[in-house]
Amino acid sequence: MHATLAFVKEKYSRFNREIFEGTLPEVPLRISRSTRTLGTLRYKVFRTGGTKRLSDFSIWISACFDLPENEIEDTIIHEMIHLYICWNGLEDTSSHGRIFRTMMNTINRRHNRAITISHRGAHERETSVKRHYICVSTFMNGDRAITLCATTRIFEFHRQLSRMAGREINTWQWYYSTDSYFNRYPRSRTLKFYRLDDEALTRLSSARKCLCDGRTFRPDR
């Protein structure tokens, strides 16, 4: 889908309630035609003496890219994190510094999101080819989640899943894929679960199933 102003306004209101406890201000929400970034927080900086004050905030979401709904939602939340930090006068270590990353990781964990640091262009993310080592976990309640694993963490993740088996995790399946669709997911070095949507499930049907025993990782022949 392409972002629309009505969609952005509805999601901003919802996420302000559900994630930010209604603490964010009502700011202008705009649709942009940017092909370089999916979302942007804009504001003006006023300096008086040695103090700095930010005001005139607005959030801009690009309508140029045809993206899954959840990715546009994650982009909106990404910009809302920036707004929270600026609105509350918090001094982060960088644009996506310690405060931003802590908030992002907490929101991803508590609200089953897949927010990332980078807002690289969608064209780059859709066409670059990477090797993806993917684990799909089925929880005891039947819910399913996806994890993209850093190559060096496959065996450690397998051991952690084994310890969770029968308590939190029912089953899990490993896959290998070079499908650029999976570029949108963060490549985890710690075991994190993200919502498995219908599109990801469809893409996995053409991925190669793999077997892992904690010491070897190989195609399931």
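Quick note: structure is the one above.
Residues numbered from 1 in each chain as written. Predicted model: local features only at pLDDT ≥ 70, side-chain atom pairs only at ≥ 80, totals over all residues. Heavy atoms only, no water.

Chemist: Any chance you could explain the packing of aromatic side chains here in plain terms?
Modeler: Any two aromatic rings considered together are summarised by their centre-to-centre distance and by the angle between their planes. Across all of its chains, the model carries 10 aromatic pairs by this definition. With a centroid separation of 6.1 Å and an interplanar angle of 35 degrees, the aromatic rings of F20 and Y84 are classed as tilted. One end of the pair, F20, is in the loop between α1 (5–18) and β1 (29–32); the other, Y84, is in helix α2 (residues 69–87), and 64 residues separate them in sequence. Judged by relative accessible area, which is 5%, F20 ranks as buried. Seen in terms of ring centroids, F139 and F193 are 5.1 Å apart; in terms of plane orientation they differ by 70 degrees. Their pairing is edge-to-face. Taken together, the residues F139 in strand β4 (residues 132–139) and F193 in the loop between β7 (187–188) and β8 (194–195) connect sequence positions 54 residues apart. (Phe/Tyr/Trp six-rings, centres within 6.5 Å; stacked < 30°, edge-to-face > 60°. Helix = DSSP H or I, 4+ residues; strand = E, 2+ residues; numbered from the N terminus. Buried < 20%, exposed > 50% of the residue type's maximum accessible area, 1.4 Å probe, protein only.)

Chemist: Please clarify how the sheet that holds strand β2 (residues 39–48) should be interpreted in this entry.
Modeler: Sheet strands associate in pairs through backbone hydrogen bonding, adopting either a parallel or an antiparallel arrangement. With mixed pairing, the three strands of this open sheet are ordered in space as β1-β3-β2. Two strands lie at the open edges of the sheet, namely β1 and β2, each paired on one side alone. Strand-to-strand twist of the sheet, defined as the mean angle between neighbouring strand axes without regard to direction, takes the value 35 degrees. With nine bridges connecting them, β2 and strand β3 (residues 51–62) associate as antiparallel partners. In the strand pairing of β3, L41 is matched with I59. The strands touched by α1 within the sheet are β1 and β3, with β1 carrying the most contacts at an inclination of about 140 degrees. Across the sheet, α2 lies against β2 and β3, angled at about 170 degrees from β3, the strand it touches most. (Pairing = 2+ DSSP bridges. Axes fitted to C-alpha atoms, helices over the stretch in contact; angles between N-to-C directions. Contact = heavy atoms within 4.5 Å.)

Chemist: Please clarify how helix α5 (residues 154–164) should be interpreted in this entry.
Modeler: Residues I154, F157, H158, L161 and M164 constitute the buried set of α5. Taken end-on, α5 shows its buried residues confined to a sector of 120 degrees, consistent with a single buried face. Buried residues belonging to α5 abut β4, β5 (144–149), β6 (169–177), β7, β9 (208–212) and β10 (217–219). Positioned one or two residues after α5, G166 has a phi angle of 85 degrees, which is positive. (Arc of directions from axis to C-beta.)

Chemist: Before we go on, may I ask you to explain the side chain of T138 in this structure?
Modeler: Positionally, T138 belongs in strand β4. Excluding anything up to four places from it in sequence, T138 contacts D143, R144, I169, N170 and T171.

Chemist: Quick question: what am I supposed to make of the nonpolar core here?
Modeler: Inside soluble globular proteins, nonpolar side chains tend to come together where they are buried. One finds F20 and I81 to be the most contacted residues of the largest nonpolar core, which totals 30 residues. Taken together, the elements giving at least two residues each to this core come down to α1, β3, α2 and α3 (98–111). It is α2 that contributes the most residues to this core, seven residues altogether. If sequence neighbours within four positions are ignored, F20 has contacts with F15, I77, M80, I81, Y84, M103 and I107. (Core = buried A, V, L, I, M, F, W, Y, C linked by side-chain atoms within 4.5 Å.)

Chemist: How should unusual backbone geometry be read in this particular structure?
Modeler: Backbone phi values are negative for most residues with the exception of glycine, while trans is the configuration of most peptide bonds. At D56, a position not held by glycine, the phi torsion is positive, near 55 degrees. Turning to its location among the elements, D56 is positioned in strand β3. Of the residues examined, D56 reaches a relative accessible area of 45% and is grouped as partly exposed. At N112, a residue that is not glycine, the phi angle is positive and equals roughly 55 degrees. Here N112 shows up in the loop between α3 and α4 (122–127).

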